[in-house]
Amino acid sequence: LKVVITEVPIPTAFGPAFEGERVRKDELRSQCGGGKTLAVEWVTSKRMDEVEDGKVELFGPDLDSVKEGGGLPLAVVVEVAGRNFQPDFEPILERQMHHLVNYVQGIMHMGQRDIAWYRFGKAAVEKGFRLEHIGKLLHAKYHQDFGTIFDKVQVKLYTEKEKVDEIAEQARKVYAERDARIEGMTDETTDIFYSCTLCQSFAPTHVCVVSPERTGLCGAYNWMDCKASYEINPTGPNQPVAKGNMTDERYGKFDGVDAFVQKASRQAINTVSFYSLLVDPMTTCGCCECIASVLPMCNGVMTVHRDYTGETPCGMKFTTLAGTAGGGLQTPGFVGHSKYNICQRKYLVGDGGLLRMVWMPKSLKEELRERLIKRGEELGYPNLIDMIADETVGVTEDAIYPFLEEKGHPALTMESIL
Ligand code: SF4
Ligand code: ZN
């Protein structure tokens, strides 16, 4: 018997109309994630007998127990079971949290995976919205929208720091496994790429085209995930895109992709490059994990991830960059991308590839350490990671240039980037 749910049992209004809403500082009651605390989202499969459909549990303090404007760590763990459920579907359900939570009046959601950010407005909390309602709405909407692929779902919410850290560690292993499923594939081995237009409600002209070697810029959707999403929902936001003929080998342009993007952006975007931030880069939306930018004086590029809140050599912090380049337009000189994409072989290859990378935050280098070393080796620079400057070297082009010179960074002797 299939569970059919038509109502979303929460004390606030709910629907796509509230999706673009912001929760400003003076309206903020409490928040989870966003740098001050950690918020992590994880959908995982369980056996049928391990899941009690509709059960929602909160372990730890709730939204109304913190001081006004205060933060709580949060882990949202969704356990799904079903005879037809495949682990491939986990990331698809997980990515729905972004727009579903945004459907709640007075609540704002950004990010995904272990960089999620929830902002709860005073009005919503006064009306009685509590963390358990996140579980209730996910249970209701998953059944409504994805009821054919699973049978039961239960939600556990954790707000004790130690437990949230522990779940984040488990979830990060799973994220890495999901990312790695794409490892052996290249863009040449398939004629089909996939679109993602999930973010058009925020950035109406934004279209991600996801190829094996260019994962979605939010980091949550790779080519496999888009493929699975299309199988679940053939009329949904992930459509197969016949890539067609390659019209520009260097920058990675395809006539089939361009035709699709023109239509999906309602003619706002004419042509996109898969492998360049300089020439017709893909559009960027506010979800991007990282934003790369050109550094003309160093003849290279830099990238910065969302967690790094300091200054960068392009003169802008991540938030300013996201404001500049993140609205769904093409902004030559800037492009949003996932963390995983940095060590994929086609990363900015039209602009010189990873050997152009002259600066990234130290924490990002550490997070990517193993893969950066491996990719550096492939490119003939096993110590590339040590040649890339970070904030301990400097946060201006002037400050990092002497370091690049001293290390003999390959970008300095490449053809002019502009
Ligand atoms: Fe899809 Fe791109 Fe938005 Fe990720 S950032 S959900 S891939 S449109
Ligand atoms: Zn987005």
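Scroll up a little and you will see the structure.
Counting starts from 1 at the beginning of each chain's written sequence and moves along it residue by residue. Chain A is the first chain written and ligand 1 is the first ligand written, with later ones labelled in order. Two thresholds apply to this predicted model, a pLDDT of at least 70 for residue-level local features and 80 or more for giving and counting side-chain atom pairs, whereas whole-chain, interface and lining totals are computed over all residues. Where side-chain values are given, they derive from all heavy atoms of the structure, hydrogens and water being excluded.

Explain the overall build of the chain to me, please; I cannot follow it from the model alone.
A run of DSSP states H or I qualifies as a helix once it reaches four residues; a run of E qualifies as a strand once it reaches two. Both are numbered from the N-terminal end. Each helix and strand in the chain was counted, giving 11 helices and 17 strands. Taken over C-alpha atoms, the radius of gyration comes to 21 Å for the chain, in line with the 22 Å a tight globule of 418 residues would show. Exposure is judged per residue with a 1.4 Å probe applied to protein chains only, and the accessible area is read against the type maximum: over 50% gives exposed, under 20% gives buried, and values in between give partly exposed. In the chain, which comprises 418 residues, the share counted as buried stands at 58%. Residues are treated as being in contact if the distance between any of their heavy atoms lies within 4.5 Å. Residue pairs in contact within the chain that sit at least 24 positions apart in sequence constitute 74% of those at least 6 positions apart. Each accessible area is a Shrake-Rupley estimate made with a 1.4 Å probe; only the visible protein chains count as cover when residues are assessed. Counting every atom, the chain has about 17100 Å² of accessible surface; 51% of that belongs to carbon and sulfur. When we talk radius of gyration, it's over C-alpha atoms, and the globule rule is simply 2.2 Å times the number of residues to the 0.38.

Help me understand the sheet that holds strand E11 (residues 240-242) in this model?
Within a sheet, each strand pairs with its neighbour through backbone hydrogen bonds, oriented either parallel or antiparallel. Spatial ordering of the open sheet is given by E10-E9-E11, a layout of three strands whose pairing is antiparallel. At either end of the open sheet lies a strand with only one pairing partner, and these are strand E10 (208-210) and E11. With direction set aside, neighbouring strand axes in the sheet form an average angle of 40°. As defined by bridge partners, strand E9 (residues 192-196) adjoins E11 across three bridges and the pair is classed as antiparallel. Note on E11: the bridge partner recorded for Phe 193 is Val 241. Between N-to-C directions, angles cover 0 to 180 degrees, with each direction set by a line fitted to C-alpha atoms, over the stretch in contact for helices. Against the sheet, helix H5 (residues 223-232) touches E9, E10 and E11, its axis set at about 75° to E9. The sheet contacts of helix H6 (residues 255-264) involve E9, E10 and E11, and relative to E11 the element is tilted by about 130°. Strand pairing is assigned whenever DSSP detects at least two bridges linking the two strands.

Explain the pattern of salt bridges here, please?
Should the charged atoms of two oppositely charged side chains come close, the side chains can pair. Should a side-chain nitrogen of Lys or Arg be within 4 Å of a carboxyl oxygen of Asp or Glu, the pair is scored as a salt bridge. Tallied over the entire structure, the rule returns 25 salt bridges. A salt bridge links Arg 181 to Asp 88; the nearest nitrogen and oxygen atoms lie 2.9 Å apart. One end of the pair, Arg 181, is in the loop between helix H4 (161-180) and E9; the other, Asp 88, is in the loop between strand E5 (74-81) and helix H1 (90-102), with 93 residues separating them in the sequence. Classification of Asp 88 as partly exposed rests on a relative accessible area of 32%. Connected through shared salt-bridge partners, Arg 47, Asp 49 and Glu 50 make up one network.

Any chance you could explain the pairing of strand E1 (residues 28-33) here in plain terms?
Strand residues, when the strand is regular, have side chains that alternate between the two faces of the sheet. Buried residues dominate E1, accounting for six of its six residues. Note that E1 and strand E7 (residues 117-121) share five bridges and pair antiparallel. Of the residues in E7, the one forming a bridge with Gln 31 is Arg 119. Relative to strand E4 (residues 70-72), E1 is paired through three bridges, and the arrangement is parallel. Following the sheet pairing, Ser 30 is matched in E4 by Gly 70.

Would you take a moment to explain the layout of surface pockets for this structure?
We place a 1 Å grid over just the protein atoms. Points where a 1.4 Å probe fits but has no way out form a cavity, open points with protein on both sides within 12 Å along at least 5 of 7 lines form a pocket, and any residue with an atom within 4 Å of a point lines it. Grid points are joined across faces, edges and corners, and a volume is the space filled by probe spheres set on the points. Taken as a whole, the second largest pocket spans an internal volume of roughly 200 Å³. Along the wall of the second largest pocket there are 13 residues; nearest its centre are Glu 183, Cys 343, Arg 345, Arg 371 and Lys 374. The residue classification treats Ala, Val, Leu, Ile, Met, Phe, Trp, Tyr, Cys and Pro as nonpolar and Asp, Glu, Lys and Arg as charged. All others, Gly included, are polar. Taken together, the residues of the lining of the second largest pocket sort by class into four nonpolar, one polar and eight charged.

What is the right way to read empty space enclosed by the protein from this model?
The gaps of empty space that remain are located by a probe, the size of a water molecule, rolled over the atoms. Scanning the entire structure with this criterion turns up four cavities of 30 Å³ or more. Quantified by volume, the largest cavity comes out at close to 100 Å³. A per-class count over the lining of the largest cavity returns 10 nonpolar, two polar and one charged. Looking at the second largest cavity, its volume works out to about 80 Å³. A class-by-class count of the residues in the lining of the second largest cavity yields six nonpolar, four polar and three charged.

How should the nonpolar core be read in this particular structure?
In summary, soluble globular proteins display a tendency toward joint burial of nonpolar side chains. To qualify as a nonpolar core, a set must consist of buried Ala, Val, Leu, Ile, Met, Phe, Trp, Tyr and Cys residues joined through side-chain atoms within 4.5 Å. Core analysis: the biggest nonpolar cluster contains 82 residues, and Val 78, Tyr 118, Phe 120, Phe 129 and Tyr 142 have the highest contact counts within it. A total of six residues in this core trace back to one element, the largest contributor, which is helix H3 (residues 132-146). Residue ranges assigned to the domains are those given by an automatic or database domain assignment. A domain split of this core shows at least three residues from each of domain 1 (16-180) and domain 2 (187-413). Apart from the residues lying within four places of it in its own chain, the contact partners of Val 78 are Trp 42, Val 43, Thr 44, Met 97, Leu 138, Tyr 142, Val 153, Gln 154 and Val 155. Core analysis: the next-biggest nonpolar cluster, separate from the first, contains 22 residues, Cys 343, Leu 354, Leu 372 and Met 387 among them.

What am I meant to see in the environment of Gln 200 here?
By the element assignment, Gln 200 lies in the loop between E9 and E10. By relative accessible area, Gln 200 is classed as buried at 15%. Along the backbone, Gln 200 and Ile 92 are 108 residues apart, and their C-alpha atoms lie at a distance of 17 Å. When residues no more than four places from it in sequence are discounted, the contact partners of Gln 200 are Thr 205, His 206, Val 207, Ala 264 and Arg 266.

Honestly, the coordination of the zinc ion (ligand 2) in this entry has me stumped. Any pointers?
The reference angle at a metal is 109.5 degrees if four donors form a tetrahedron and 90 or 180 degrees if six donors form an octahedron. Within the first shell, the zinc ion (ligand 2) binds the protein through Cys 199 (SG), Cys 285 (SG) and Cys 287 (SG), at distances of 2.2 Å. The sequence pattern describing where the donors of the zinc ion (ligand 2) fall on their chain is C-x85-C-x1-C. Residue Cys 285 is classed as buried on the basis of its relative accessible area, which comes to 3%. Cys 287 sits in the buried class, given a relative accessible area of 5%. Donor atoms (N, O, S) are those found within 2.8 Å of the metal centre, with the cutoff raised to 3.2 Å for Na, K and Ca; water is not part of the atom list, so apparent gaps in a site can occur.

Before we go on, may I ask you to explain the sheet that holds E7 in this structure?
With mixed pairing, four strands are arranged side by side in an open sheet as E4-E1-E7-E6. Here the strands that pair on one side only, and so sit at the sheet edges, are E4 and strand E6 (107-110). Across the sheet, the mean angle from the axis of one strand to that of its neighbour is 20°, orientation sign disregarded. Where H1 meets the sheet, its contacts fall on E6 and E7, and the angle it forms with E6 comes to roughly 155°.

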